[in-house]
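# Structure at a glance
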Amino acid sequence: MDVERKMNNSSFEWAVIGAGPAGIAAIGKLIEKGVNAENITWIDPEFKVGDFGTRWQKVSSNTRVGLFLKFFEACEAFQYDPATSDFAIQQLAPEKTCLLDVAAEPLRWITENLKNKVHAIRGKAQQLKLSNRQWEILLANKTVYAKNVILATGAEPKSLLFPSVEEIHLATALDPDKLAASCSETDVIAVFGSSHSAMLILRTLLEKCQVKKVINFYLSPLRYAVYFDDWILFDDTGLKGMAADWARININGKLPTKLERIIAHEENIRLTLPLCDKAIYAVGFQKRLIPVEGMHSLEYNDRSGIIAPGLFGLGIAFPEAKIDRYGTLEYRVGLWKFMEYLNHVMPIWLKYGA
Ligand SMILES: Cc1cc2nc3c(=O)[nH]c(=O)nc-3n(C[C@H](O)[C@H](O)[C@H](O)COP(=O)(O)OP(=O)(O)OC[C@H]3O[C@@H](n4cnc5c(N)ncnc54)[C@H](O)[C@@H]3O)c2cc1C
């Protein structure tokens, strides 16, 4: 059987499922750690840099250009050379932020380089099963086997699903042109949340869209990231960049006339939501699930990324938990954070096979 699998080129040391930024980082680090690229399979339906490259292009980044550049240069296998690269991001000041599409451009190029090294399979993993100390990965038209699997499958925006209001999906709301096309001047729009995404959406609604009113339902005071020489307070939950600049002036400063802010208590929602025509939920993300035989949920260790022997999680679906020096627990999401996390979990993963 093993011989047959090898002949069909369907048996591997490692499988990485998902080709967003986390999957890209995982492939780069595996090769850097000496895993033969021919022994790695990489599975994704599109290979277009995941949600980062397809859904959030028009979003203004919360990290600085310099950190994106650091990510591109972090692995030799990426073949990214700043001296010869002519991507637009290379011309920007490292301390500035940028549109995520500007950061996605080099990632698309890196993806092509990595696809040429490993065994790339276009498709969707439908189920995982451990047998004979190998993971069976079921795709629509074939089964692939791997001793170790990294799930980098991303996450979907959460929805509060209030039935009385029409939902504008987060991906639509984070694209200014699409959001403008989804609203009319008689609309009262509810925006839930007070994150980076929520602030960018409020700004677009108030400055670019014709709407009657915007009601922002929130749970807690705004939180801002604060930069120190060697660390950032509220690095993962604080507002940064353009969202922080706008919020300081318009939320903590003077509320725009069309904006009302209401604490999202049950009673407030019951009384105020019926006044709204449409709702946008910027309230976090939930991991995409792949059924794994014998497991009823995909619980993971949020310090080591271990899900099961030979099965590991990375990226926005399985973020690292980290306590900062003032005791605040934050879940670390962002390109450079995925890379830093891999630096200390990869040695464990290389030894924790099935
Ligand atoms: C509004 C917003 C702003 C952000 N700003 C920044 C920023 O400034 N800087 C920063 O570093 N990060 C930022 N992020 C975070 C970053 O974009 C996300 O964390 C990143 O997209 C997550 O990468 P990922 O690889 O975990 O998931 P994704 O990008 O979602 O990729 C997952 C991939 O897995 C594939 N997949 C899913 N299921 C399967 C399956 N069963 N089989 C095969 N493939 C599968 C998907 O098709 C997709 O291609 C931002 C995020 C948002 C939402």
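Residues numbered from 1 in each chain as written. Predicted model: local features only at pLDDT ≥ 70, side-chain atom pairs only at ≥ 80, totals over all residues. Heavy atoms only, no water.

The subject of this paragraph is the overall build of the protein. Scanning the protein from N- to C-terminus turns up 11 helices and 19 strands. Here the C-alpha atoms of the protein give a radius of gyration of 22 Å, agreeing with the 20 Å that 2.2 N^0.38 yields for 354 residues. Judged by the C-alpha coordinates and their principal axes, the protein covers about 70 × 45 × 40 Å. Put simply, the protein has 354 residues, and 50% of those count as buried. Across the protein, the fraction of contacts at a sequence separation of at least 24, relative to all contacts at a separation of at least 6, is 73%. Element-wise, carbon and sulfur atoms account for 50% of the exposed surface of the protein, whose accessible area totals about 17200 Å². For the protein, the centre of its 41 positive side-chain charges and the centre of its 41 negative side-chain charges are spaced 1 Å apart. (Helix = DSSP H or I, 4+ residues; strand = E, 2+ residues; numbered from the N terminus. Rg over C-alpha atoms; globule rule 2.2 N^0.38 Å. Buried < 20%, exposed > 50% of the residue type's maximum accessible area, 1.4 Å probe, protein only. Contact = heavy atoms within 4.5 Å. Areas by Shrake-Rupley, 256 points an atom, 1.4 Å probe, with all protein chains shown as cover. Lys, Arg positive; Asp, Glu negative; His and termini not counted. Charge placed at Lys NZ, Arg CZ, Asp CG, Glu CD.)

Turning next to the packing of aromatic side chains. One pass over the full model with this rule turns up 18 aromatic pairs. Arranged with centres 4.6 Å apart and planes meeting at 10°, the rings of Phe192 and Phe217 form a pair that is stacked. In this pair, Phe192 is assigned in strand S9 (residues 188–192) and Phe217 in strand S10 (residues 213–218), connecting sequence segments 25 residues apart. In this structure, Phe192 and Phe217 share a single accessibility class: buried. Members of the aromatic cluster, each reached through a chain of ring pairs, are Phe71, Phe72, Phe78, Tyr80, Phe87 and Trp109. (Phe/Tyr/Trp six-rings, centres within 6.5 Å; stacked < 30°, edge-to-face > 60°.)

This part covers the pattern of salt bridges. Taken as a whole, this structure holds 22 salt bridges when the rule is applied. Among the salt bridges present, the one from Glu156 reaches Arg55, with a minimum N-O distance of 3.2 Å. Taken together, the residues span a long stretch of sequence, with Glu156 in strand S7 (residues 155–157) and Arg55 in the loop between helix H3 (50–54) and helix H4 (65–72) at a distance of 101 residues. Here Asp235 makes a salt bridge to Lys240, at a shortest N to O gap of 2.6 Å. For the pair Asp235 and Lys240, one class covers both residues: buried. Where salt bridges share partners, they join Asp51, Arg55, Glu156 and Arg288 into one cluster. (Salt bridge = Lys/Arg side-chain N within 4 Å of Asp/Glu carboxyl O.)

This part covers the pairing of S10. Counting buried positions along S10 gives 5 out of 6 residues, so the element sits mostly inside the fold. Summarising the sheet, S9 and S10 pair through 5 bridges and their orientation is parallel. The residue bridging Val191 from the neighbouring strand is Asn216, located in S10. In this region the chain leaves S9, passes through helix H8 (residues 196–207) and returns to the parallel neighbour S10; the handedness of that crossover is right-handed. (Pairing = 2+ DSSP bridges. Right-handed = clockwise from strand over helix to strand, strands pointing away.)

Attention now goes to the environment of Ala279. Structurally, Ala279 is set in strand S14 (residues 278–281). Take Ala279: its relative accessible area is 0%, and that puts it in the buried class. Once the C-alpha coordinates of Ala279 and Ile168 are considered, the two residues, 111 residues apart in sequence, prove to be 6.0 Å apart. Excluding anything up to four places from it in sequence, Ala279 contacts Val165, Glu166, Glu167, Ile168, Ala190 and Phe192.

A few words now on the state of the cysteines. The tally for this structure, following the rule as stated, stands at 0 disulfides. Here Cys276 stays free of any disulfide, with the sulfur of Cys183 as its closest cysteine sulfur at 12 Å. (Disulfide = S-S within 2.5 Å.)

Let's shift gears to the domain arrangement of the protein. Each assigned domain of the protein is listed with its residue range as follows: domain 1 (2–156 + 285–349) and domain 2 (159–281). Put simply, the middle of domain 1 and the middle of domain 2, counted by C-alpha atoms, are 30 Å apart. Across the contact, 19 residues belong to domain 1 and 21 residues belong to domain 2. Carbon and sulfur atoms supply 53% of the area that domain 1 and domain 2 bury against each other, a total of about 1700 Å² over both sides. On the domain 1 side of the contact with domain 2, Lys58, Asn62 and Glu330 bury the most area, a combined 30% of that side's loss. Taken together, domain 1 and domain 2 are joined by 5 salt bridges. As a salt-bridge pair, Lys337 and Asp235 come within 3.6 Å of each other at their nearest N and O atoms. In terms of residues, the side of domain 1 that touches domain 2 owes the most to one element, strand S19 (residues 329–332), which gives 3 residues. Per-class residue counts for the side of domain 1 that touches domain 2 are 6 nonpolar, 5 polar and 8 charged. (Domains from an automatic or database assignment. Buried area = accessible area lost by both parts, 1.4 Å probe. Nonpolar A, V, L, I, M, F, W, Y, C, P; charged D, E, K, R; others polar.)

Between its terminal C-alpha atoms helix H5 (residues 100–117) stretches 26 Å, which fits the 26 Å expected from 18 residues at 1.5 Å a residue. Listing the buried residues of H5 in full gives Leu100, Ala103, Ala104, Pro106, Leu107, Ile110, Thr111, Asn113 and Leu114. At its buried positions, H5 is contacted by helix H2 (21–32), strand S2 (40–44), H3, H4 and helix H11 (335–349). (Expected span 1.5 Å × (residues − 1).)

This brings us to the packing of H2 against H11. The interhelical angle for the contact between H2 and H11, taken along N-to-C directions, is 40°, at an axis separation of 10 Å. Crossing geometry of H2 relative to H11 is assigned as right-handed. Across from Pro21, Ala22, Ala25, Ala26, Lys29 and Leu30 in H2, the residues of H11 making contact are Leu335, Phe338, Met339, Leu342, Asn343 and Met346. Residues belonging to the contact of H2 with H11 are distributed by class as follows: 10 nonpolar, 1 polar and 1 charged. (Axes fitted to C-alpha atoms, helices over the stretch in contact; angles between N-to-C directions. Left-handed = near helix turned anticlockwise from the far one by under 90°.)

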